[in-house]
Amino acid sequence: MIEIRSLSKSFGLKPVLHGIDLSVAKGDFLALLGPNGAGKTTLLRVVSTLSRPDAGEVNVSGLSLSTHAYAVRELLGVVTHHPLLYTELTAEENLRFYARMYGLVTAEPRIRTVLDQVNLLAQRHDLVGTFSRGMQQRLAIARATLHQPQVILFDEPHTGLDQDAAAMLDDVLRSVAATGRTVLMTTHDFARGLALSDRVAILCRGKIAFEAQSSTLNPTAFS
């Protein structure tokens, strides 16, 4: 579903990504692990079409980002540690706004479905500005899955969450993965990445240093 080949990216004279090769199969959950500054966010920004690579190629569902960026965007849902929500609107109003952006004609049933999936249906009429950080992240997932994208990209979604909120977000992430969508999530939390994913890749100094099936690894080896 996602094919990355010989991808490189620099900012000015500072190289960030060095010839990345990475694949994510349809329906897989890949956790991209690595310390802060490893290049995880830069890689996700390239895949999400928010940043252009200096060299290399990215294909999503057989479509090249270099020639079909608009079509690729329709296949993606993106969640970062910035929820991209309007705090002066209610949860439901936020999703109606994004439904219009996505071109959804009969949005109301879908809005109720995604709010229920992230356990926010009871808060649908509440202003997002009154939501906790964890609630905003769950609503961001509802926003990102509203148009039923084939691929979901999560960039450090647990940033700033307390333990209870992070655990609830884990449940939501598992439910998203269970729908058969392809998931790519960046995190510096090795134990959480292993627990949630089917496969892990470790990014270090802009290069893929390691790849393996999550089930074959011992979380204590990364502690």
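Since the structure is predicted, the reported quantities are computational estimates derived from the model, not experimental observations.

### Examining the overall build of the protein chain
So, point 1. On a plain count of helices and strands, the protein chain comes out with seven helices and ten strands.
So, point 2. When its C-alpha atoms are laid out on the principal axes, the protein chain stretches across 45 × 45 × 30 Å.
So, point 3. Per-residue burial for the protein chain yields a buried fraction of 48% across its 223 residues.
So, point 4. In the protein chain, which carries 22 positive and 21 negative side-chain charges, the distance between the mean positions of the two groups comes to 4 Å.

### A short note on the environment of Gly206
So, point 1. The residue Gly206 is located in the loop between strand E9 (199-204) and strand E10 (207-213) in this model.
So, point 2. Gly206 gets classed as buried once you look at its relative accessible area, which sits at 0%.
So, point 3. Residues Gly206 and Gly37 lie 169 residues apart in sequence; the distance between their C-alpha atoms is 8.7 Å.
So, point 4. Setting aside anything within four residues of it in sequence, one finds Gly206 in contact with Val16, Leu17, His18, Ile20 and Ala38.

### Concerning the pattern of salt bridges
So, point 1. For the structure on display, the rule yields nine salt bridges.
So, point 2. Salt-bridge contacts for Asp171 lead to Arg174; the nearest nitrogen and oxygen are separated by 3.4 Å. With Asp171 and Arg174 both in helix H6 (residues 163-177) and three residues apart, this pair spans about one turn of that helix.
So, point 3. The exposure class of Asp171 is partly exposed, given its relative accessible area of 48%.

### So, the sheet that holds E9
Paired through their backbone hydrogen bonds, the strands of a sheet run either parallel or antiparallel.
So, point 1. The strand order E6-E7-E8-E3-E9-E10 describes an open sheet built from six strands, whose pairing is mixed. Of all strands in the sheet, those with a lone pairing partner are strand E6 (76-79) and E10, marking the two edges. The mean angle between the axes of side-by-side strands here comes to 15°, regardless of whether they run parallel or antiparallel.
So, point 2. Strand direction decides the pairing type here: strand E7 (residues 151-155) and strand E8 (residues 182-187), joined by five bridges, are parallel. Looking across to E8, one finds that Leu153 is bridged to Leu184.
So, point 3. Taken strand by strand, helix H2 (residues 65-75) contacts E6 and E7, and its axis lies near 70° from that of E6.
So, point 4. Sheet strands touched by helix H5 (residues 133-145): E6 and E7. Its angle to E6, the strand with the most contacts, is close to 165°.

### Points about the nonpolar core
So, point 1. One finds Leu95, Leu139, Ile141 and Phe154 to be the most contacted residues of the largest nonpolar core, which totals 34 residues.
So, point 2. Taken together, the elements giving at least two residues each to this core come down to helix H3 (91-102), helix H4 (108-117), H5, E7, H6 and E8.
So, point 3. Those residues within four positions of Ile141 in sequence are excluded, and the remaining contacts are Val79, Val118, Phe154, Leu169, Val172, Leu173 and Val176.
So, point 4. Among the nonpolar cores identified, the runner-up in size contains 27 residues, and Ile2, Ala38, Val72 and Ala201 belong to it.

### Notes on the packing of H3 against H4
So, point 1. For the pair H3 and H4, the least separation of the axes is 10 Å and the interaxial angle reads 125°. In terms of their interaxial angle, H3 and H4 are classed as oblique. H4 is crossed by H3, and the crossing has right-handed handedness. Side by side, H3 and H4 meet where Ala91, Glu92, Leu95 and Arg96 of the first sit next to Glu108, Ile111, Val114 and Leu115 of the second.
So, point 2. Along the lines of polarity and charge, the residues of the contact of H3 with H4 split into five nonpolar, no polar and three charged.

### Description of unusual backbone geometry
So, point 1. Even without a glycine there, the phi angle at Ser6 is positive, about 50°.
So, point 2. Tracing the backbone through its elements, the reader meets Ser6 in strand E1 (residues 2-11).
So, point 3. Residue Ser6 is classed as partly exposed on the basis of its relative accessible area, which comes to 43%.

### Looking at the packing of H3 against H5
So, point 1. Their axes nearest at 9 Å, the elements H3 and H5 cross at an angle of 25°. Looking at the two axes, H3 sits roughly parallel to H5. Read as a crossing pair, H3 and H5 show a hand that is right-handed. Here H3 contributes Ala91, Leu95, Tyr98 and Tyr102 to the contact with H5, which in turn contributes Leu139, Ala142, Arg143 and Ala144.

The rules behind each value
- Residues numbered from 1 in each chain as written.
- Predicted model: local features only at pLDDT ≥ 70, side-chain atom pairs only at ≥ 80, totals over all residues.
- Heavy atoms only, no water.
- Helix = DSSP H or I, 4+ residues; strand = E, 2+ residues; numbered from the N terminus.
- Buried < 20%, exposed > 50% of the residue type's maximum accessible area, 1.4 Å probe, protein only.
- Lys, Arg positive; Asp, Glu negative; His and termini not counted.
- Charge placed at Lys NZ, Arg CZ, Asp CG, Glu CD.
- Contact = heavy atoms within 4.5 Å.
- Salt bridge = Lys/Arg side-chain N within 4 Å of Asp/Glu carboxyl O.
- Pairing = 2+ DSSP bridges.
- Axes fitted to C-alpha atoms, helices over the stretch in contact; angles between N-to-C directions.
- Core = buried A, V, L, I, M, F, W, Y, C linked by side-chain atoms within 4.5 Å.
- Parallel < 35°, antiparallel > 145°, perpendicular 65-115°, else oblique.
- Left-handed = near helix turned anticlockwise from the far one by under 90°.
- Nonpolar A, V, L, I, M, F, W, Y, C, P; charged D, E, K, R; others polar.

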